[in-house]
Amino acid sequence: MPNADFPWNANPTDRTRLPLINPTEHFERPDVGPIEHADLDECTINICNIGWTLGNDCPYRCTHCYSMSAREKGQDFTLEIVDRVIEQLAINGVETVNLGGNEPLFTNGPNPADTLLPRIIHGLVDAGILVGLTTSGITLIHLERDHPKALARLNDVDVSFDSPYPDEHNANRGAKLYKQAIQALSICQDYEIPHSVIMCAMSWNFTEDRIDALVDLARSHDAHIRINPLKPVEPKHMDSALPAEQYYAGFSRLMAQCSPVDLGEPPLAAVTEFAGAAGCPCGRTSFRIHSITPDGRIPVSPCVYLHDYKVGNLVTDDLYDIIRSPQFRSFRRRNANPEVVPGCEGCALLDSCRAGCAGRAYLHNAHTTGHRSLFSQDPYCPATVKPAEPFPVNPTLPTDQRLVHMDYLCTWIGKPRPTAV
């Protein structure tokens, strides 16, 4: 039950003004939320695609990292914990798992010799779950060298780029990782593993020249492109978050050069009139397993970016119950009742946008107004922004391939079209 001593559990109609988000709050407080509109119905649960943040140690310091500030060292995985988590995923019908959020190699500290990553990959695949990996390149290089059998069992791989330009990428990563990222793409090609270049879109890197260069990079390595617009987990991230006009201009330019593979970004599903649009997937089809805490808990949240909604402990709690917690139900109520979100009632795009990305809306609203409410409008609302750029209408997405980031996160995936001869 909500604790009256904590203002984030206040009745949403009170709109109690709160301090800026502290991503470590979840370590201390007994309740998470806010829990809103408990009287409303929720959409259907169809959890199938999830992410798992492995470990809590990373030698890199990416400026836009959404998880480092919410991690604390102190505990490593054990074989028993790994087996317990995999068992819970399997019995609850999870179909795909992406291993990321931290460089996946470092499950148990910075020494690669201590990693349990191969055991995790083999365990998930043996349980009938498709496994993907998001990496700066380092994890894939170590897997090829030391654990090629685990590497060969991956369903797909995302290789992170902060810029298609080496110097910019290395500067933002805090390490010289561009060559390793390129090497990882080559490894995927050698092993015939489907792969994507993934970029967190920010105001400084989602520009015309960098978008074109990223498309060229992906095309030259037969890769998909996946774009995650920056979600401002910390107040400082607001300085590099995309302005709404740049969001639409950048994606319009991408779609002019790429065939869409997944339209998980709700505003893009709306402007393209995508017939399969279903709104934000968080808590509905997907969730995130977070890093192990110093006291040995493994919390879960409907959205990887919203640490305010971390709940439960997969080491001891049944995943079935966590998925049906008040925190998860709040997300499903938002998806089922977007007209309750201020500014969304009566919108012609409501059925496809469904108030947009829940995480981005929550964080942007919290940082700009001081109020925390999941029932906030996406700052990229297409009805408000009214983008002038052209977008494809009613696109058809391919059905012959399954990538682990499909219908997981609010993200966009495309495949560069061949260049004209």
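See the structure printed just above.
Fair warning: this is a prediction, and the values are worked out from it, not measured in the lab.

### Section: the pairing of strand 4 (residues 156-160)
For a regular strand, side chains alternate in direction, first toward one face of the sheet and then toward the other.
Consideration 1: Of all 5 residues in strand 4, 5 are buried; the element is thus mostly enclosed.
Consideration 2: For strand 3 (residues 130-135) and strand 4, the ladder comprises 4 bridges, and the chain directions are parallel. Note on strand 4: the bridge partner recorded for Thr135 is Val159.
Consideration 3: Summarising the sheet, strand 4 and strand 5 (residues 195-201) pair through 4 bridges and their orientation is parallel. Bridging across to strand 5, Asp158 finds its partner in Ser196.

### Some words on the packing of helix 3 (residues 138-146) against helix 6 (residues 178-191)
Consideration 1: Taken N-terminus to C-terminus, the directions of helix 3 and helix 6 make an angle of 50°; their axes are 8 Å apart at the nearest point. With respect to their mutual orientation, helix 3 and helix 6 come out oblique. The two elements helix 3 and helix 6 cross, and the hand of that crossing is left-handed. Of helix 6, the residues touching helix 3 (which contributes Ile138, Leu140, Ile141 and Glu144) are Gln180, Gln183, Ala184, Ile187, Cys188 and Tyr191.
Consideration 2: Residue composition of the contact of helix 3 with helix 6, by class: 7 nonpolar, 2 polar and 1 charged.

### Some details on the nonpolar core
Consideration 1: By size, the foremost hydrophobic cluster in this structure holds 78 residues, and its most contacted members are Trp52, Leu89 and Leu99.
Consideration 2: Ignoring any residue separated from it by four or fewer positions in sequence, one finds Leu99 in contact with Trp52, Leu54, Pro104, Leu117, Ile120, Ile121, Leu124, Val131, Gly132, Leu133 and Thr134.
Consideration 3: Cys303, Tyr305, Ala358 and Cys410 belong to the second-largest nonpolar core, a separate cluster that totals 22 residues.

### Let's talk about the layout of surface pockets
Rolled over the atoms, a probe with the dimensions of a water molecule shows which regions are left empty.
Consideration 1: Approximately 340 Å³ is the volume attributed to the largest pocket.
Consideration 2: Surrounding the largest pocket, 27 residues form its lining, Asp262, Phe274, Gly276, Met406 and Asp407 being those nearest its centre.
Consideration 3: Looking at the lining of the largest pocket, the elements with two or more residues in it are strand 7 (258-263) and helix 9 (266-271).
Consideration 4: The greatest single-element share of the lining of the largest pocket, amounting to 3 residues, is contributed by strand 7.
Consideration 5: Tallied by class, the residues present in the lining of the largest pocket amount to 13 nonpolar, 9 polar and 5 charged.

### Some details on the packing of helix 1 (residues 79-91) against helix 2 (residues 117-126)
The relative placement of two packed helices comes down to the angle between their axes together with the axis-to-axis distance.
Consideration 1: Between helix 1 and helix 2, the shortest axis-to-axis distance is 10 Å and the interhelical angle comes to 30°. In terms of orientation, helix 1 and helix 2 fall into the roughly parallel class. In this structure, helix 1 crosses over helix 2, and the sense of that crossing is right-handed. Mapping the contact onto sequence places Leu79, Val82, Asp83, Ile86 and Leu89 in helix 1 and Arg119, Ile120, Gly123 and Leu124 in helix 2.
Consideration 2: Split into classes, the residues belonging to the contact of helix 1 with helix 2 amount to 6 nonpolar, 1 polar and 2 charged.

### Some points on the sheet that holds strand 2 (residues 96-100)
The strands that make up a sheet pair up through hydrogen bonds in the backbone, lying either parallel or antiparallel.
Consideration 1: If you trace the 10 strands from one edge of the open sheet to the other, you get 7-10-6-5-4-3-2-1-8-9, paired in mixed fashion. The open sheet terminates on both sides in strands that have one partner only, identified here as strand 7 and strand 9 (300-301).
Consideration 2: Taken strand by strand, helix 7 (residues 208-220) contacts strand 5, strand 6 (224-229), strand 7 and strand 10 (412-416), and its axis lies near 140° from that of strand 6.

### Here we look at the environment of Ser220
Consideration 1: Within the secondary structure, Ser220 is located in helix 7.
Consideration 2: Along the backbone, Ser220 and Pro416 are 196 residues apart, and their C-alpha atoms lie at a distance of 9.6 Å.
Consideration 3: Separated by 2.8 Å, the side chain of Ser220 and the backbone oxygen of Leu217 make a polar contact.

### Here we look at the state of the cysteines
Consideration 1: Scanning the model with the defined rule gives 0 disulfides in all.
Consideration 2: With no disulfide of its own, Cys43 lies closest to Cys280 among cysteine sulfurs, the gap being 9.7 Å.
Consideration 3: You can see Cys347 has no disulfide; the closest cysteine sulfur is in Cys381, sitting 5.7 Å from it.

Quick notes on the rules
Residues numbered from 1 in each chain as written. Predicted model: local features only at pLDDT ≥ 70, side-chain atom pairs only at ≥ 80, totals over all residues. Heavy atoms only, no water. Buried < 20%, exposed > 50% of the residue type's maximum accessible area, 1.4 Å probe, protein only. Helix = DSSP H or I, 4+ residues; strand = E, 2+ residues; numbered from the N terminus. Pairing = 2+ DSSP bridges. Axes fitted to C-alpha atoms, helices over the stretch in contact; angles between N-to-C directions. Parallel < 35°, antiparallel > 145°, perpendicular 65-115°, else oblique. Left-handed = near helix turned anticlockwise from the far one by under 90°. Contact = heavy atoms within 4.5 Å. Nonpolar A, V, L, I, M, F, W, Y, C, P; charged D, E, K, R; others polar. Core = buried A, V, L, I, M, F, W, Y, C linked by side-chain atoms within 4.5 Å. 1 Å grid on protein atoms, 1.4 Å probe; cavity = no way out; pocket = protein on both sides within 12 Å on 5 of 7 lines; lining within 4 Å. Points joined across faces, edges and corners; volume = space filled by probe spheres on them. Polar contact = N/O pair within 3.5 Å; in protein donor to acceptor, adjacent residues only side chain to side chain. Disulfide = S-S within 2.5 Å.

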